[in-house]
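Given next are the chains, with one letter for each unit.
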Amino acid sequence: MDYIADLHIHSKYAGACSDQLILENLDRVAKIKGIQIIGTGDFTHPLWSKDLKGRLEETEGSGLYRLKGSNTGTRFMLTSEVSLFFGNGDAGSRVKKIHNLIFAPSLEVVDQINDRLGKYGNLASDGRPILQLSNSDLVEMLYKADPRIMVMPSHVWTPWFGVLGAMSGFNSLEEAYGDQVKHIYALEMGLSSDPLMNWRISKLDKFTLLAGSDAHSLPKIGREAIVFGFDDEKVSYGSITDAIKEKRIKMTLKFYPEEGKYHFDGHRACNVSLSPEDAKKYGNICPRCRKQLTIGVLHRVESLADRKEGERSATAKPFVHIIQLQDIIAYVTKKGVGTSSVSRLYDAFIKEFGTEFNVLLNADITKISEIEPEVGRAIENVRNGRVRITPGYDGVFGVIDILDQMPEQSKRGNQKRISEF
Ligand SMILES: [Zn+2]
Ligand SMILES: [Zn+2]
């Protein structure tokens, strides 16, 4: 059986996050989206972890939890993200700032983690706390506390806070984690990169490439996810982390990387967006303000790549690019996401097909078109990679065009991007 998991989300206690990110909403929205396993996010936060302890119950000793009194079937996995800073600028090295994801096997272990991490920062300050701790110290400490705990770098390519980002100061996970890299099994690709890009770097082959929404509000849940295929009906924390360790994930559901906020190079304030090729022509200097450009993910991947575009790693797993149903409906109807007309149509699709992922991935296009023909056509285009995207840059999201463009008009965005396995 397939299980769809979104293991990177945040609660209402994390910075710039919606106050709607509470347990009953996560439980409900996961069901509508078609997500069977959702991360709790933010278990390091004292108020959120109190909520988790009071309102979740473990399902049959599995290390996964359900909301008490709920019949949605949604399973919660205990997850959190921390923002590390370390290095004192000695010997010309600058301070490093790196985000890491943590998975925990039980609420008891969450307490042990929080006791330890609380010594390195104020856990109550934010759902994603800032800790004065190095990558390797974090991994070593948590591995010693309980070897079932899993740590991995989040959104590895983002210019700031991503372990391989242009500003991180690291060129490999070995450099970033030292000998503790032996306990790193996976990395999160982030919204601005996809497997095709990560496969270009052979030293990443040994890591499982994961996807997560990093949702800061309810509608963003499931904009990326992992699909696990388990023979056994009894999914557990152990079966999920073993599948990650042993590269047995079935596939990832990915944002189009061009749509991500840091795909191209540029300057948001100067309204300048450049491909890596063009940025290099300008010496990576902004042609408007003459300051250093924010180097995006595509450029950074190319600078570390030792394989050509289109080459695939031997450990590659299938992936599919997706665009969220609300975004597709908003695009087709030319109404904003969150307007009542978009919500009405969205609800009609969920009523007919059960879940959003069923609409996006499986439902018959003819049947989708019976509800709204243009949505049917748009979903068919997305499934076949016939999408044109104006790439995002320096914090600006990319802009999608799903209906009007012919395939040959775009360089990358509308090639057939569903990997064929
Ligand atoms: Zn992060
Ligand atoms: Zn500029």
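Residues numbered from 1 in each chain as written. Chains lettered and ligands numbered in written order. Predicted model: local features only at pLDDT ≥ 70, side-chain atom pairs only at ≥ 80, totals over all residues. Heavy atoms only, no water.

### A short note on the overall build of the protein
Part 1 of the reasoning: Scanning the protein for helices and strands turns up 14 helices and 17 strands.
Part 2 of the reasoning: Taken against the 2.2 N^0.38 rule, which gives 22 Å for 421 residues, the C-alpha radius of gyration of the protein at 21 Å falls within 12% of a compact globule.
Part 3 of the reasoning: The C-alpha extent of the protein, read off along each of the three principal axes, is 55 × 55 × 40 Å.
Part 4 of the reasoning: Within the span of the protein, comprising 421 residues, buried residues form 57% of the whole.
Part 5 of the reasoning: Here the analysis covers contacts within the protein between residues at least 6 apart in sequence; of these, 68% occur between residues at least 24 apart.
Part 6 of the reasoning: Put simply, the protein shows about 17,600 Å² of open surface, and 49% of that area lies on carbon and sulfur atoms.
Part 7 of the reasoning: Side chains of the protein carry 55 positive and 55 negative charges; the gap between the two charge centres is 3 Å. (Helix = DSSP H or I, 4+ residues; strand = E, 2+ residues; numbered from the N terminus. Rg over C-alpha atoms; globule rule 2.2 N^0.38 Å. Buried < 20%, exposed > 50% of the residue type's maximum accessible area, 1.4 Å probe, protein only. Contact = heavy atoms within 4.5 Å. Areas by Shrake-Rupley, 256 points an atom, 1.4 Å probe, with all protein chains shown as cover. Lys, Arg positive; Asp, Glu negative; His and termini not counted. Charge placed at Lys NZ, Arg CZ, Asp CG, Glu CD.)

### Description of the environment of Gly-260
Part 1 of the reasoning: Here Gly-260 shows up in the loop between strand E12 (249-255) and strand E13 (265-267).
Part 2 of the reasoning: The buried category is assigned to Gly-260, whose relative accessible area is 0%.
Part 3 of the reasoning: Sequence-wise, Gly-260 and Tyr-393 are 133 residues apart; in three dimensions their C-alpha atoms are separated by 7.8 Å.
Part 4 of the reasoning: Once you skip the residues sitting within four places of it in the chain, Gly-260 turns out to touch Leu-191, Ser-192, Phe-255, Gly-392, Tyr-393, Val-396, Phe-397 and Gly-398.

### Regarding the pairing of strand E5 (residues 75-86)
Part 1 of the reasoning: Counting buried positions along E5 yields 11 of 12 residues, so the element is predominantly enclosed.
Part 2 of the reasoning: Two elements, strand E2 (residues 37-39) and E5, share 3 bridges in a ladder whose sense is parallel. Bridge pairing links Gly-39 to Met-77 in E5.
Part 3 of the reasoning: Across 9 bridges, the pairing between E5 and strand E6 (residues 96-104) is antiparallel. Within the sheet, the bridge partner assigned to Glu-81 lies in E6 and is Leu-101. (Pairing = 2+ DSSP bridges.)

### Some details on helix H7 (residues 237-245)
Part 1 of the reasoning: Residues Tyr-237, Ser-239, Ile-240, Thr-241, Ala-243 and Ile-244 constitute the buried set of H7.
Part 2 of the reasoning: In the segment just after H7, Lys-247 is the residue with positive phi, at about 55°.

### Section: the coordination of the zinc ion (ligand 2)
Part 1 of the reasoning: The protein atoms that coordinate the zinc ion (ligand 2) are His-267 (ND1), Cys-270 (SG), Cys-286 (SG) and Cys-289 (SG), at distances spanning 2.0 to 2.4 Å.
Part 2 of the reasoning: Relative to the metal, the 4 donor atoms surrounding the zinc ion (ligand 2) lie at angles of 98 to 124°, and the coordination shape comes out tetrahedral.
Part 3 of the reasoning: Between consecutive donor residues of the zinc ion (ligand 2), the sequence gaps follow H-x2-C-x15-C-x2-C. Accessibility assignment for this pair places His-267 and Cys-270 in one class, buried. (Donors = N, O, S within 2.8 Å, 3.2 Å for Na, K, Ca; no water. Tetrahedral: all angles 85-135°; square planar, octahedral: opposite > 155°, others 65-115°.)

### A short note on the packing of aromatic side chains
Part 1 of the reasoning: Considering all chains together, one arrives at 8 aromatic pairs under this definition.
Part 2 of the reasoning: Here Phe-86 and Phe-170 contribute two aromatic rings whose centre-to-centre distance is 6.3 Å and whose plane-to-plane angle is 25°, an arrangement assigned as stacked. Here the residue Phe-86 occupies a position in strand E5, and Phe-170 occupies one in the loop between strand E8 (150-153) and helix H5 (173-177), the gap between them amounting to 84 residues.
Part 3 of the reasoning: Given a relative accessible area of 14%, Phe-86 falls into the buried group.
Part 4 of the reasoning: A residue is classified by how much of its surface remains accessible, and Phe-170, at 8% relative accessible area, is buried. (Phe/Tyr/Trp six-rings, centres within 6.5 Å; stacked < 30°, edge-to-face > 60°.)

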